[in-house]
Amino acid sequence: MQVFATKSRHSQPITHFYHIPKQGLTPCGCGFVLLHIKYTTMKIIGTGSSHPERKVTNHDLAQFLDTSDEWIATRTGIRERRILTKDNITDLAVEAAIDALNNSQKEPGQIDYIICSNIINDYLTPGLSAIIQSKIGTHCPCLDINTACTGFVYALQLAESLQVAGMAKNILIICAEEVSKMVDWTDRASCILFGDAAAAAVVAPGDNLIKIKTDCIDCGDVIISGSRHEKTPFDTEGNDKYFPLAMNGREVYKHAVTIATYKIESILKECGMAHSDITYYLLHQANLRISEAIRTHIGEDESKFPSNIESFGNMSSAGIPCLLDDLNKGGKLKEGDRLLLCAFGAGFTTGTCIIDW
Ligand code: UT7
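Residues numbered from 1 in each chain as written. Predicted model: local features only at pLDDT ≥ 70, side-chain atom pairs only at ≥ 80, totals over all residues.

Trainee: What's the story with the site of the ligand in this structure? I'm lost.
Mentor: Lining the immediate environment of the ligand, one finds 20 residues, of which Thr67, Arg188, Gly249, Ala286 and Asn287 sit closest. Of all the secondary structure elements, the ones that give two or more residues to the shell around the ligand are helix H2 (69-76) and helix H6 (249-270). Among the residues making up the shell around the ligand, the classes are represented as eleven nonpolar, six polar and three charged. Of the domains in this structure, domain 2 (42-208) and domain 3 (211-356) are the two that each give at least three residues to the shell around the ligand. (Near = placed C-beta within 6 Å. Helix = DSSP H or I, 4+ residues; strand = E, 2+ residues; numbered from the N terminus. Nonpolar A, V, L, I, M, F, W, Y, C, P; charged D, E, K, R; others polar. Domains from an automatic or database assignment.)

Trainee: How should I be thinking about the packing of H6 against helix H7 (residues 288-298) in this particular structure?
Mentor: If you want to describe how two helices pack, look at the angle between their axes and the distance between the axes. The interhelical angle for the contact between H6 and H7, taken along N-to-C directions, is 40°, at an axis separation of 9 Å. Of the two possible hands of crossing, H6 and H7 adopt the one that is right-handed. Judged by residue contacts, Tyr253, Ala256, Val257, Ala260, Thr261 and Ile264 of H6 engage Ile290, Ala293, Ile294, His297 and Ile298 from H7. Tallied by class, residues from the contact of H6 with H7 come to nine nonpolar, two polar and no charged. (Axes fitted to C-alpha atoms, helices over the stretch in contact; angles between N-to-C directions. Left-handed = near helix turned anticlockwise from the far one by under 90°. Contact = placed C-beta atoms within 7 Å.)

Trainee: Would you mind showing me how to read the nonpolar core here?
Mentor: Most often, soluble globular proteins keep nonpolar side chains buried together rather than apart. The biggest cluster of nonpolar side chains holds 97 residues, and the ones touching the most others in it are Ala93, Ile173, Ile174 and Ala198. Counting residues domain by domain, this core receives three or more from each of domain 2 (42-208) and domain 3 (211-356). Setting aside anything within four residues of it in sequence, one finds Ile174 in contact with Ala93, Ala96, Ala97, Cys116, Ile132, Ala198 and Ala200. (Core = buried A, V, L, I, M, F, W, Y, C linked by C-beta atoms within 7 Å. Buried ≥ 20, exposed ≤ 12 C-beta atoms within 10 Å, placed from the backbone.)

Trainee: Got a minute to help me understand the sheet that holds strand S9 (residues 142-145) in this structure?
Mentor: Two strands in a sheet stick together by hydrogen bonds in their backbones, pointing the same way (parallel) or opposite ways (antiparallel). Sheet architecture is open: five strands sit in the order S5-S11-S10-S8-S9, paired in mixed fashion. Each edge of the open sheet carries a strand with a single partner, namely strand S5 (41-50) and S9. Going from strand to strand, the sheet's axes swing by 20° on average, the running direction of each strand aside. In the sheet, strand S10 (residues 171-177) pairs with strand S11 (residues 197-206) via seven bridges, with the strands oriented antiparallel. (Pairing = 2+ DSSP bridges.)

What follows is the structure in structure tokens.
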């Protein structure tokens, strides 16, 4: 029987026992062997990001929408966002990936797996991760996920699972989003929120992930967008299922504040931590008022809630890794800083994790 050392994720040592078919290994009483598995926990070793060139201010939007800088800034905290024009999401994703690789001092050949969080890009297939892979010159498995704005936390959880399963060590996560291509630019209540961006992180085995949790509650219609289907000889009616992003802003707002506050309190409790143990809370950058409401419930200082929404808007899953990259490159993170990430999005998906820098 092979026995691995127990690893500690936080102060308590964690032991995982798995029953596996015996296949020649020493059996225990029930005909199975007891395998004591080392639980590796990851570390973020590099970050990167890339934004489109074109800045679109609230004043620019007021040129074609019945809105104002004052309304948007007061209700959302957003002043401007970047929107793809001649540039494209693949190039942004590749730039963010290379930036993160450089920052992590890893070569593309050292990457064992690529996970890309993405809702929409130029192709239905192949997946964006496969396109990124060919452009950065790796030859590893790659996988696209779509958990909307929660994508970065889901990707971290998948990455950890791959590490624990012994399938991969160094994993490149890219969140590449061009929500501008799926919103209705006549709907002033939604299009004013979003910006395009790509952000990336490289994770490696380490001891820094304390806890990660994801969830999805059935609330599919508060943020929803339809995709185009080809007509078939067998289904000639109702094929055009395309419709731009439709959102019940007030419902999203309520869900986001209630669920995120609950998830943050729960993960802290499960880890036996206090609010004050967290150096920074990195919340999904959806709306500054949402972040403010969550912060007020938690009762922590504004300085612990960094934000980039004023300059970039809601970048869906790219928001948190982009913020992480800002903090990292801005020299705001030091070893041992404890980060609590909390994201929420269409689905309604949520993801929360505590990870040390
Ligand atoms: O990743 C998650 C993505 N989604 C979100 O984060 C959305 C969360 N929700 C929100 O951010 C807010 O609900 C919004 C910013 C979308 C809307 O703010 P609100 O305070 O909930 O406004 P409302 O929808 O209750 O609308 C209030 C008024 C309405 O006018 P009337 O009916 O009172 O005359 C709207 O038509 O504001 C009007 N309005 C606007 N006025 C100027 C809605 N959008 C705009 C606009 N400019 N852009």
